Amino acid sequence: MDPGYTWGFDELLLGGSLIQRLDLVLATPELKPTGTKRVGVSALDAFGRHPSDHAGLVTAFAVP
């Protein structure tokens, strides 16, 4: 499951683009991922800034 790149907004958080995979989700072998998505990519604050220079990753797991 590859939701895409997760890093690359500029240092002022006003622009740039996600150009590199930097963030990962780690788990033990018995947990099986059922879905992963990026968050925080299009959310901007009142000043037009991104919340972070990274996109967050959210993953759901099937628990045995």
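A quick note: this is a predicted structure, and the numbers were derived from the prediction, not measured.

Conventions used here
Residues numbered from 1 in each chain as written. Predicted model: local features only at pLDDT ≥ 70, side-chain atom pairs only at ≥ 80, totals over all residues. Heavy atoms only, no water. Helix = DSSP H or I, 4+ residues; strand = E, 2+ residues; numbered from the N terminus. Contact = heavy atoms within 4.5 Å. Pairing = 2+ DSSP bridges.

Some remarks on the environment of L14
In step 1: Looking at the secondary structure, you find L14 in the loop between strand 1 (7-9) and strand 2 (16-20).
In step 2: Linking L14 and T34, residues 20 residues apart in sequence, is a C-alpha distance of 33 Å.
In step 3: When neighbours within four sequence positions are excluded, L14 is seen to be in contact with F47, G48 and R49.

Notes on the pairing of strand 2
In step 1: Of the strand pairs in this sheet, strand 1 and strand 2 are connected by 2 bridges, and their pairing is antiparallel. By the bridge assignment, W7 is partnered in strand 2 with Q20.
In step 2: Between strand 1 and strand 2, which pair antiparallel and follow one another directly, the connecting turn spans 6 residues, one of which, L13, has a positive phi of 65 degrees.

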